[in-house]
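So the chains spell out like this:
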Amino acid sequence: MRVFVTGASGWIGSALVPELVQAGHQVTGLARSDASAAALTAAGAEVCRGTLDDLDLLGSTAAASDGVVHLAFKHDIAFSGGFQDAADADRRAVETFGDALAGSGRPFVLASGLLGLAPGRVATERDGLDREPAEELGRGPQTRLATARLTLSLASRGVRSSVVRLPPTVHGQGDKGFMAFLVGIARDKGVSGHIGDGANRWPAGHVLDAAHLFRLALEKAPAGSALHATADEGVPIRTVAEVIGRHLDVPVASVAPGDAAGHFGWMSGFIGSDAPASSTMTRELLGWRPTQPGLVDDLDKGHYFQTA
């Protein structure tokens, strides 16, 4: 297939593009910088220069493609106070892709998230499918949830749409996400912390396994599929803190909820979440089988603790 990928040089995209190329697909990646363009060229992809705000470009490139994978999100402004602007831009891009692909039967795969989907219990692929009446006017994270549901609803417009829900940590060599931040906090504070007893669980998955699932979704996911990229259903944060403490040779300690903001900073709103998630239905539907190391084994490999 001729596949258009946004976020093609990002964390997931940099694993997905080689996965697609090796499978025989022709990839065009959206690039907003010279560095991104060079990375895509080196990976064997064609380059489409532009941003998520270039809606005419997004629409015309999607219309000329056999499928679209939308990974891009304006994380740079989302984590500096502009989350709503980032979510709104994402929504406009999805609407544009939906219009471009309507009636074609071609695939459209959206990257979404698992955190907050079903707090306190094991989330499944059936969760989060019912639209709340007020959600379309929601703000912040609700906007992203509504965008994921919009993507699934494109099935009724003749698009083979699917949503790949990513766990809060998609780990691997070169990860600069939540795990890397936790390691940095522990190194700076001299203690590896968890909130309360640390029994709250996070699902996790390796970046290469996630990339493989995106390819499977593109190639054969039925229209309207919600998919989970979780290899580990739920790893207790206390276990993560213990691995980090052992590698950094710092003590492991409980942080009181009232002190979480001071210790974890912007991560305090996430680190205490209990959000286990199953991928049983995804595995049965697509035959997806994670083969990479789990989160604890990956942390134990040591690459998160290397410093320049």
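S.K.: It is not clear to me how the overall build of the protein should be interpreted in this structure. Could you clarify?
M.R.: Check the secondary structure of the protein and you find twelve helices and twelve strands. For a compact globule of 308 residues, the expected C-alpha radius of gyration is about 19 Å, and the protein comes in at 19 Å, within 12% of that figure. A principal-axis box enclosing the C-alpha atoms of the protein has dimensions of 55 × 45 × 40 Å. When contacts within the protein are restricted to residue pairs at least 6 apart in sequence, long-range pairs at least 24 apart make up 78% of them. A gap of 3 Å separates the mean positions of the 27 positive and 34 negative side-chain charges of the protein.

S.K.: Explain the pattern of salt bridges to me, please; I cannot follow it from the model alone.
M.R.: Side-chain pairs of opposite charge can arise where the charged atoms are in close proximity. Applying the stated criterion to the full structure yields ten salt bridges. With its nearest N and O atoms 2.8 Å apart, the salt bridge here joins K74 to D53. Taken together, the positions of K74 in the loop between strand 4 (67-70) and helix 4 (75-101) and D53 in the loop between strand 3 (46-49) and helix 3 (55-63) put the pair 21 residues apart, joining distant regions of the chain. For K74, a relative accessible area of 18% corresponds to the buried category. A salt bridge links D127 to R121; the shortest N-O distance between them is 2.7 Å. Residue D127 is classed as buried on the basis of its relative accessible area, which comes to 13%. Of the residues examined, R121 reaches a relative accessible area of 42% and is grouped as partly exposed. Residues participating in the shared-partner salt-bridge network are E19, R215 and E219.

S.K.: Help me understand the pairing of strand 6 (residues 160-166), please; the structure alone is not making it clear to me.
M.R.: It is a general feature of regular strands that their side chains alternate between the two faces of the sheet. Counting buried residues in strand 6 gives seven out of seven residues, a clear majority hidden from the surface. Side chains R160, S162, V164 and L166 project from strand 6 onto one buried face, and the interleaved S161, V163 and R165 project onto a second face that is buried too. Summarising the sheet, strand 5 (residues 107-113) and strand 6 pair through seven bridges and their orientation is parallel. Each residue of the ladder has a partner; that of G113, found in strand 6, is L166. Relative to strand 10 (residues 225-228), strand 6 is paired through four bridges, and the arrangement is parallel. Considered in strand 10, the bridge of V164 is made with L227.

S.K.: Is there a simple way to explain helix 1 (residues 13-22) in this structure?
M.R.: One turn of an α-helix holds 3.6 residues; hence residues three or four places apart share an orientation. When we look at burial in helix 1, the residues that qualify are G13, A15, L16, V17, E19 and L20. If you follow the buried residues of helix 1, they end up packed against strand 1 (2-6), strand 2 (26-31), helix 2 (34-42), strand 4 and helix 7 (207-220). Immediately downstream of helix 1, the backbone of G24 shows phi near 95°, a positive value.

S.K.: I tried to follow the side chain of R160 on my own but got confused; where do I start?
M.R.: Mapped onto the elements of the fold, R160 is located in strand 6. This buried residue, R160, is left without a salt bridge; E219 holds the nearest opposite charge, at 8.5 Å. Within the structure, the side chain of R160 is placed 2.7 Å from the backbone oxygen of L218, a separation counted as a polar contact. One polar contact links the side chain of R160 to the main-chain carbonyl oxygen of A221, over a distance of 3.0 Å. Those residues within four positions of R160 in sequence are excluded, and the remaining contacts are G105, R106, P107, F108, A217, L218, E219, K220, A221, P222 and A223.

S.K.: Explain helix 6 (residues 178-189) to me, please; I cannot follow it from the model alone.
M.R.: In a regular helix each residue adds 1.5 Å, so twelve residues correspond to 16 Å; helix 6 covers 16 Å between its end C-alpha atoms and thus fits that length. Looking only at helix 6, the buried set comprises F178, M179, L182, V183, I185 and A186. Along the long axis of helix 6, the arc covered by the buried residues comes to 160°, so they all point the same way. G190 sits one or two residues past helix 6 and shows a positive phi near 75°.

S.K.: How should I be thinking about the side chain of D175 in this particular structure?
M.R.: The topology assignment puts D175 in the loop between strand 7 (169-171) and helix 6. Despite its burial, D175 pairs with no opposite charge, the nearest such side chain being K176 at 8.1 Å. Separated by 2.6 Å, the side chains of D175 and Y304 make a polar contact. Beyond its immediate chain neighbours, meaning those up to four positions away, D175 contacts W11, T169, V170, A180 and Y304.

S.K.: Which parts of the structure should I look at to understand the pairing of strand 1?
M.R.: Across the five residues of strand 1, four count as buried, placing the element largely inside the fold. Pairing of strand 1 with strand 2 involves four bridges; the strand directions are parallel. Paired with V5 across the bridge in strand 2 is G29. Bridge analysis of strand 1 against strand 4 gives four bridges, and the strand direction is parallel. Among the inter-strand pairings, V5 is bridged to a residue of strand 4, identified as V69.

The rules behind the values
Residue positions within a chain follow its written sequence, with the count starting from 1. In keeping with the model being predicted, local features are shown solely for residues with a pLDDT of at least 70 and side-chain atom pairs are shown and tallied solely at 80 or more, while totals for entire chains, interfaces and linings include all residues. Only hydrogens and water are set aside when side-chain values are computed; all heavy atoms of the structure are taken into account. Elements are defined by DSSP. Helices are runs of H or I of four residues or more, strands are runs of E of two residues or more, and each kind is numbered from the N terminus. What the globule rule says is 2.2 Å times the number of residues to the power 0.38, and the radius of gyration is computed from C-alpha atoms. Note on definitions: a residue-residue contact is assigned when non-hydrogen atoms from the two residues lie within 4.5 Å. A positive count includes Lys and Arg, and a negative count includes Asp and Glu. His and the chain ends are not counted in either. By convention, the charge on Lys lies at NZ, on Arg at CZ, on Asp at CG and on Glu at CD. One speaks of a salt bridge when a side-chain nitrogen belonging to Lys or Arg is within 4 Å of a carboxyl oxygen belonging to Asp or Glu. The buried label goes to any residue with under 20% of its type's maximum accessible area, the exposed label to any with over 50%, and the partly exposed label to all in between, with areas taken from a 1.4 Å probe on protein chains only. Between any two strands, at least two bridges found by DSSP are needed for them to pair. Distance and chemistry together define a polar contact, namely a pair of N or O atoms within 3.5 Å, with one atom able to donate a hydrogen and the other to accept it when in protein, and with adjacent residues in sequence counting only for side-chain atoms on both sides. For a helix, the expected span equals 1.5 Å multiplied by the residue count minus one. Think of the arc as the fan of directions from the helix axis to the C-beta atoms.

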